[in-house]
Structure formats: C-alpha cells, structure tokens
Amino acid sequence: MNEINNAKTIFFDVDDTLYDHLQPLRGALQDVLGLPDDFPYAEAYHRFRYYSDWLSAQEDLSAVPEPDAVERMRRRRFEMTMEEFGLPLQLGQAEKLQAQYLSRQFEIVPFEGAYELIRKLQAEGHTVGLITNGEGEHQRRKLEALDVLSLVDEHLIFISGMTGYAKPDRRLFEYVSQQAGTDARSSYYIGDSWRNDVVGAVDAGWTVIWFNHREALPESDHQPHFVARSYEEISSILTFEPVRV
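Residues numbered from 1 in each chain as written. Predicted model: local features only at pLDDT ≥ 70, side-chain atom pairs only at ≥ 80, totals over all residues. Heavy atoms only, no water.

Asker: Mind laying out unusual backbone geometry, listing which residues take part and the relevant values?
Answerer: Cis geometry marks the peptide bond from Lys167 to Pro168, where omega comes out at 15°. Locating Pro168 in the fold gives a position in the loop between helix 7 (160–163) and helix 8 (170–180). Despite not being glycine, Asp147 shows a phi value in the positive range, around 55°. With respect to the secondary-structure elements, Asp147 resides in the loop between helix 6 (136–146) and strand 3 (157–159). (Helix = DSSP H or I, 4+ residues; strand = E, 2+ residues; numbered from the N terminus.)

Written out as structure tokens, the structure is:
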C-alpha cells in the first residue's frame, strides 16, 4: 500500500473493539452459573456473539425491532451457547444471565491505547467516528460509561437502532458516508466481528482493518485489507507502516 498523505475518515466499532466485551459475559456466567475460572470463556464468548448475530438476522432486528423479538433473541443466545458447552440452562436462568450481563455492560473501560490512538489521529487531521449495532439508548449508555462522547463528535457516532440499518448491511456504511460527507475510497473501518465489520465494510468498498484480537477464523471469502491483534498494530497501520494480513 502506498503512503497516503491526505486526511482520512476512520470509524471504529464499539463492542469488543473499543473495550473488552468478554468481561460482562464472564461476570454474568460466574455470578449466575458459578462457573470456574478455567471455563473457556473466550470460546463461549465467540459462540455467544455468533448466536447473537445469527438470531438478530433471523428476527430481523436491524430497524425498529419488536421488544418481544429482542428479548427472545437475548434469551435464546444464552440458551444456545450454554447448550453447546454441555450446560443446558434451567428455567429462568437465561433471563437472570441477561440481567447480569446487561448491568455489567456499563462497568467497562476502553482497551489500552484506544483513546490515545483516537486523539493522535484527530491531531493529525483525520476524521474519527464510531459505528455500532444495537438499540439506540442502550448503546448510548455504553458510550457514556466509556466517556467516549467527550472524545468523538456526536454527529460522527452512528448507532444502528437510530439509523434503520445494521451491520453487515452495506447501506449503513453508505448512510454514514452520506451523513459525514465522505466517500468509501478515503474511509477506514476497524472492527472485531467478521460477519458484521469485515463483511459489511468490505462490501461497502471501505478499507477494512480486522481487529482480530481473539484469533477468530474467517467466516467467508471476504478479504480485510489488514489484520491487527492490538492497538499498537492498528496504530502502525494507520500511520501507514502497514502490518499486512
């Protein structure tokens, strides 16, 4: 990739990209089910995210979902995940897990190096924003807990529940470009989810950095332009000293 001197538009995902999304899940599983420290939480998290995305697509939760459909998805993702690990849930446990998981999502801190990189990019003249899936008010509460609203301009924060489109729908990325006054050729997207972030942004023609810090495997033939496993590597890519896939 040639060195690029022009200012770029750089958007980050939120869940498991700005902060460690595994921690709320680990806490909920330990609190409700009493799971030990050596339980494979990272593997469970990967399957939990898979079922969350898959069920959301099945329920068509991209626009303004029915509350019953959202609650059904939230319950089923816990049931399907734990059944896969040989721990079928008893009556009412899925609801308790969701309640604990929800409450812990607002006790979160950014990954080391994340905000330092955002400030550096902004100081260099790049436009930095966020694109995240989820219900509007719920995601805003996370952003408030992360204190990222003081760092990123409100008009550059896009939440699927407030736009009518959800990743991986390329129309969300096209909507972001339209609202931000940018174009795909100068836009970068950084995210952890293959299905939502890599597939969606590649299909929209953006330059994609797959933040694969959990060593996940590709789920399709899509090709991210770069892969990174830490914010140090992301920083190297965005200062045009690329770490190639």
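Asker: Go over the packing of helix 3 (residues 67–84) against helix 4 (residues 93–104), please, and point to the residues and values.
Answerer: The contact between helix 3 and helix 4 brings their axes to 9 Å, and the two run at 105°. Taken together, the axis directions place helix 3 and helix 4 in an arrangement best described as roughly perpendicular. Mapping the contact onto sequence places Arg74, Arg75, Arg77, Phe78 and Glu79 in helix 3 and Ala94, Glu95, Leu97, Gln98 and Tyr101 in helix 4. Across the contact of helix 3 with helix 4, the residue classes break down as four nonpolar, one polar and five charged. (Axes fitted to C-alpha atoms, helices over the stretch in contact; angles between N-to-C directions. Parallel < 35°, antiparallel > 145°, perpendicular 65-115°, else oblique. Contact = heavy atoms within 4.5 Å. Nonpolar A, V, L, I, M, F, W, Y, C, P; charged D, E, K, R; others polar.)

Asker: Which residues make up the environment of Glu124, and what values go with them?
Answerer: One can find Glu124 in the loop between helix 5 (114–123) and strand 2 (127–132). Residue Glu124 is classed as partly exposed on the basis of its relative accessible area, which comes to 43%. Considered as a pair, Glu124 and Thr239 are 115 residues apart in the sequence and their alpha carbons are 9.9 Å apart. (Buried < 20%, exposed > 50% of the residue type's maximum accessible area, 1.4 Å probe, protein only.)

Asker: If you had to explain the side chain of Asp197 to someone new, which residues and values would you point to?
Answerer: Structurally, the position occupied by Asp197 is in helix 9 (residues 194–203). A relative accessible area of 1% means that Asp197 is categorised as buried. A distance of 2.8 Å separates polar atoms of two side chains, one belonging to Asp197 and the other to Lys167. Other than its neighbours up to four places away in sequence, Asp197 contacts Asp13, Lys167, Tyr189, Gly191, Asp192 and Val208. (Polar contact = N/O pair within 3.5 Å; in protein donor to acceptor, adjacent residues only side chain to side chain.)

Note that all results are geometric; they support no functional claim without further evidence.
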